Amino acid sequence: MFNVICAGALTILAAYLIGSIDFAIIVCRIMKGDDIRNSGSGNAGMTNVLRTYGFVPAFFTLIGDFGKGIAAIELGRLIFNEFGIISIDGEYIAGLFVLLGHMFPIYFGFRGGKGVLTNLGIMLMINVKVFVITLLVMGLVIVVTRMMSAGSVAGAVVYPIITGIELFLSPKPVVWNVVFATLFSLLVIFKHRNNIKSIINGTERKLWKTKKEKNNEK
């Protein structure tokens, strides 16, 4: 039991501190000398960086926020293995707290991003099949709606569903995988609550405009 407590505490601390490294904020401060939370939508995420400062800062934000989800999961597994614990999945504990760190970063006044890219990194490390299917659903919704937020929410909704279906068809245990996938998704959906209201009201910003919309503006 002592080993479990130590491994869990170390994983929680490490994952949260990794998650708190908000690349949207860091990249924009380095490249543009600005706090991205004071610009555009005010969100410390890739979409706001893309709209405000363009592709290059957004690309570095994507790599960083996606990568820290991967790094935290790998570290959680390593810590639990070093303590000789195989009965508990350290990856789920790491995933939860790297996501919380991203959303509520201790280094930046607990004002972070919405967790989409970090959650995708977590998905990739936990289950590649689920990651690919979820990403395809997100991409389809984004193309159809032209709204990143709609794709993000759609991905969050289908993530636990696909996890349950995929694991139900395999010999692996289902319950904890689905529980944690649902928890991760609920956090992402909660952070998108204002976007959901805007989508319902028809006021959510779109990533690009159609030719017809551009012509109407002239």
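Computed from a predicted structure; not experimentally measured. (Residues numbered from 1 in each chain as written. Predicted model: local features only at pLDDT ≥ 70, side-chain atom pairs only at ≥ 80, totals over all residues. Heavy atoms only, no water.)

Q: Give a detailed account of the packing of aromatic side chains, specifying residues and quantitative values.
A: Tallied over the entire structure, the rule returns seven aromatic pairs. Seen from their ring centres, W176 and F180 are 6.1 Å apart, and the 45° between their planes marks the pair as tilted. Of this pair, W176 and F180 both sit in helix α9 (residues 175–191), separated by four residues, roughly a single helical turn. By relative accessible area, which is 60% here, W176 ends up exposed. Taken together, a centroid distance of 6.2 Å and an interplanar angle of 50° make the contact between F180 and F184 tilted. Of this pair, F180 and F184 are both found in helix α9, four residues apart, which corresponds to roughly one turn of the helix. For the pair F180 and F184, one class covers both residues: buried. Grouping aromatic residues by their ring pairs yields a cluster made of Y92, W176, F180 and F184. Between the NZ or CZ atom of R193 and the centre of the ring of F190, over which it lies, the distance is 4.1 Å. (Phe/Tyr/Trp six-rings, centres within 6.5 Å; stacked < 30°, edge-to-face > 60°. Helix = DSSP H or I, 4+ residues; strand = E, 2+ residues; numbered from the N terminus. Buried < 20%, exposed > 50% of the residue type's maximum accessible area, 1.4 Å probe, protein only. Lys NZ or Arg CZ within 6 Å of the ring centre and 35° of its normal.)

Q: Give me helix α4 (residues 55–82): which residues, what numbers.
A: At 3.6 residues per turn, the α-helix brings residues three or four places apart onto the same side. Its 28 residues place the ends of α4 40 Å apart at the C-alpha level, agreeing with the 40 Å of an ideal helix rising 1.5 Å per residue. All of the buried residues in α4 are P57, A58, T61, G64, D65, K68, G69, A72, I73, G76, I79 and F80. Check the buried side of α4 and you find it contacts α1 (2–19), α2 (23–32), α3 (46–53), α5 (90–103) and α6 (116–126). G84 sits one or two residues past α4 and shows a positive phi near 70°. (Expected span 1.5 Å × (residues − 1). Contact = heavy atoms within 4.5 Å.)

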